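# Examination of the molecular architecture
Each chain, written out:
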Amino acid sequence: MPARALSSSSADIAEAARLLRRGEVIAFPTETVYGLGGDATNDRAVAAIFAAKGRPRFNPLISHLAAPEAAADLALLDERSRGVARRFWPGPLTLVLRRRADCPISLLASAGLDTVALRVPAHPVAQALLAAADRPIAAPSANRSGRISPTAAEHVASELGDRIAAIVDGGAAAIGVESTVLDLSGERPLLLRPGGVTVEALTASLGPIDEPRSEAGVAPRAPGMLASHYAPNLPLRLEIGEALPGEAVLAFGGDPPPGFAEIRWLSRSGDLAEAAANLFAALRALDRPDFSGIAVMPIPERGLGRAINDRLRRAAAPRP
Ligand code: TXA
Ligand code: MG
């Protein structure tokens, strides 16, 4: 059965919350990307999320909360994590924290780690849905494992429409790249994934943050950060010089070199927030069999540019 299309009306949000409480898996909007949500305290719902995505079970899930206060029932908070939560929640930040002994979140969602990843999204539809569901909702991005993250309800419908109970349509995601994942479970703050909250903003509030750069460094603590991810079907080329025959280009700032079969602008004016918001939809739009590949103009490695470049590097990485 195809997923039910739900709107952001209060009746539809109440229906979506009923489905979640019954253990069903549904897609819902957040300000970063669409999430594939299920009751985080229900092992079967969490297992159904992994199954729908085709996601390896060693890759843990983020649990979403309606309010920052709810985190205290799930994780061990200290002054530092309370301060970061006060400053950045609700918003595009996920905190990895040590699980409380009595944490009701399914161990499957933590993939066997002694930590939980928590996020309080700011999107009004997500807020209303989480409040009505009245429990933590586990949600990875609502794409098939390894594919491009969805920033619109249509993206979810085309990839997962036959595998989930419902899709709540809240319009295009405003930020367009996933949340920043910050690990506060150890002595020093550790950036596991650049995202919607910039490293510059985190550093201003926390001081220096460690960044595991190599795959080897990332592997044990951020099992989800596989090198190849966010992948279109076409090959992606980041160091562009001249256009290759039949190639399309993702353009940023100035004009691209001549000769590309199609140009799609991330941001003509070189605005990183606009580029992030357009990134995944642009990749999807250019991922057509009549092009030979997708080239990308350089994007500065600052602010949201770090998250954009992280996703592009993974999309360009050799596929397993
Ligand atoms: O913006 C977002 O974060 C979206 C929306 C739906 O909230 N969600 C999202 O989820 O991107 P997902 O599953 O695609 O990415 C979650 C990342 C993965 O890299 C995962 O490995 C990491 O967070 N993660 C989750 N729990 C973790 C934990 N306990 N320790 C370390 N990393 C964790
Ligand atoms: Mg994802």
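Just so it is clear, the model here is predicted, and its values are computed rather than measured.

Cut-offs and rules
Residues numbered from 1 in each chain as written. Chains lettered and ligands numbered in written order. Predicted model: local features only at pLDDT ≥ 70, side-chain atom pairs only at ≥ 80, totals over all residues. Heavy atoms only, no water. Helix = DSSP H or I, 4+ residues; strand = E, 2+ residues; numbered from the N terminus. Rg over C-alpha atoms; globule rule 2.2 N^0.38 Å. Buried < 20%, exposed > 50% of the residue type's maximum accessible area, 1.4 Å probe, protein only. Contact = heavy atoms within 4.5 Å. Areas by Shrake-Rupley, 256 points an atom, 1.4 Å probe, with all protein chains shown as cover. Lys, Arg positive; Asp, Glu negative; His and termini not counted. Charge placed at Lys NZ, Arg CZ, Asp CG, Glu CD. Expected span 1.5 Å × (residues − 1). Pairing = 2+ DSSP bridges. Axes fitted to C-alpha atoms, helices over the stretch in contact; angles between N-to-C directions. Near = heavy atom within 4 Å. Polar contact = N/O pair within 3.5 Å; in protein donor to acceptor, adjacent residues only side chain to side chain. Nonpolar A, V, L, I, M, F, W, Y, C, P; charged D, E, K, R; others polar. Domains from an automatic or database assignment. Buried area = accessible area lost by both parts, 1.4 Å probe. Salt bridge = Lys/Arg side-chain N within 4 Å of Asp/Glu carboxyl O. Phe/Tyr/Trp six-rings, centres within 6.5 Å; stacked < 30°, edge-to-face > 60°. Lys NZ or Arg CZ within 6 Å of the ring centre and 35° of its normal. Parallel < 35°, antiparallel > 145°, perpendicular 65-115°, else oblique. Left-handed = near helix turned anticlockwise from the far one by under 90°.

### Structural notes on the overall build of the protein chain
Counting its secondary structure elements, the protein chain contains nine helices and 14 strands. Over its C-alpha atoms the protein chain spans a radius of gyration of 19 Å, differing by no more than 12% from the 20 Å that the globule rule assigns to 320 residues. Each principal axis of the C-alpha distribution contributes one length, and for the protein chain these read about 60 × 50 × 35 Å. Of all 320 residues assigned to the protein chain, the portion counted as buried reaches 53%. Pairs at least 24 apart in sequence give 66% of the contacts found in the protein chain among residues at least 6 apart. Surface summary for the protein chain: the accessible area is close to 13200 Å², and the carbon and sulfur share equals 54%. Considering the protein chain, the positive charge centre built from 35 side chains and the negative charge centre built from 35 side chains are found 3 Å apart.

### Structural notes on helix 1 (residues 10-21)
The terminal C-alpha atoms of helix 1 lie 16 Å apart, and with 12 residues this matches the ideal 16 Å at 1.5 Å per residue to within 8%. Of all the residues in helix 1, the buried ones are I13, E15, A16, A17, L19 and L20. For helix 1, the elements touching its buried residues are strand 1 (4-6), strand 2 (26-28), strand 3 (35-39), helix 4 (124-133), strand 7 (137-138) and strand 8 (166-168). Of the residues one or two after helix 1, G23 is the one with positive phi, at around 95 degrees.

### What about the sheet that holds strand 14 (residues 293-296)?
Pairing in this open sheet of four strands is parallel, and the strands run 11-14-12-13 from one edge to the other. Lying at the two open borders of the sheet, with one neighbouring strand each, are strand 11 (236-237) and strand 13 (262-267). Bridge count between strand 11 and strand 14: two bridges; the pairing is parallel. Each residue of the ladder has a partner; that of R237, found in strand 14, is A295. Seen against the sheet, helix 8 (residues 272-286) touches strand 11, strand 12 (247-252), strand 13 and strand 14 and runs at an angle of roughly 150 degrees to strand 13.

### Here's the deal with the site of ligand 1
Every one of the 25 residues lining ligand 1 counts as a neighbour, but T32, N59, H64, R119 and S179 are closest to it. Between ligand 1 and R55, the relevant distance is 2.8 Å, taken from an oxygen atom to a side-chain nitrogen or oxygen of the residue. For ligand 1, the protein covers 97% of the area, taking 680 Å² as the surface of the free molecule. Among the elements of the structure, strand 4 (62-64), strand 6 (115-119) and strand 10 (190-193) are those that each provide at least two residues to the shell around ligand 1. A per-element tally of the shell around ligand 1 places strand 6 first, with three residues. Within the shell around ligand 1, the residues separate by chemical class into 12 nonpolar, eight polar and five charged.

### Observations regarding the side chain of H123
Position of H123 relative to the elements: it lies in the loop between strand 6 and helix 4. Classification of H123 by relative accessible area gives buried; the value is 12%. A distance of 3.0 Å separates the side chain of H123 from the backbone nitrogen of V125, its partner in a polar contact. Filtering out sequence-adjacent residues up to four positions away, H123 remains in contact with P29, T30, E31 and G170.

### Considering the domain arrangement of the protein chain
If you check the domain split of the protein chain, you get domain 1 (4-206) and domain 2 (236-316). Relative to domain 2, the C-alpha centre of domain 1 lies at a distance of 27 Å. On the side of domain 2, 15 residues touch domain 1, which itself brings 23 residues to the contact. Across the domain 1 to domain 2 interface the summed buried area is about 1500 Å²; carbon plus sulfur atoms make up 58%. Interface area lost by domain 1 to domain 2 is led by I148, V177 and P194, which between them contribute 36%. Counting across the interface, domain 1 meets domain 2 through two salt bridges.

### Here's the deal with the packing of aromatic side chains
Under the defined criterion, the tally for this structure stands at one aromatic pair. Geometrically, the ring pair formed by Y230 and F280 is stacked, given 5.8 Å between the ring centres and 15 degrees between the ring planes. In this pair, Y230 sits in the loop between helix 7 (215-218) and strand 11 while F280 sits in helix 8, placing the two residues 50 residues apart along the sequence. Grouping residues by exposure puts Y230 and F280 together as buried. Sitting above the plane of the F88 ring, R87 keeps its charged end 4.5 Å from the centroid.

### Considerations on the packing of helix 8 against helix 9 (residues 304-316)
Packed helices, taken two at a time, are described by the angle their axes make and the gap between the axes. Contact pair helix 8 / helix 9: the axes reach a minimum separation of 9 Å and the direction vectors enclose 25 degrees. Put simply, helix 8 runs roughly parallel to helix 9. Where helix 8 crosses over helix 9, the two elements pack in a sense that is left-handed. Of the residues in helix 9, those in contact with L272, A273, A275, A276, L279 and F280 of helix 8 are L304, G305, I308, R311 and L312. Among the residues making up the contact of helix 8 with helix 9, the classes are represented as nine nonpolar, one polar and one charged.

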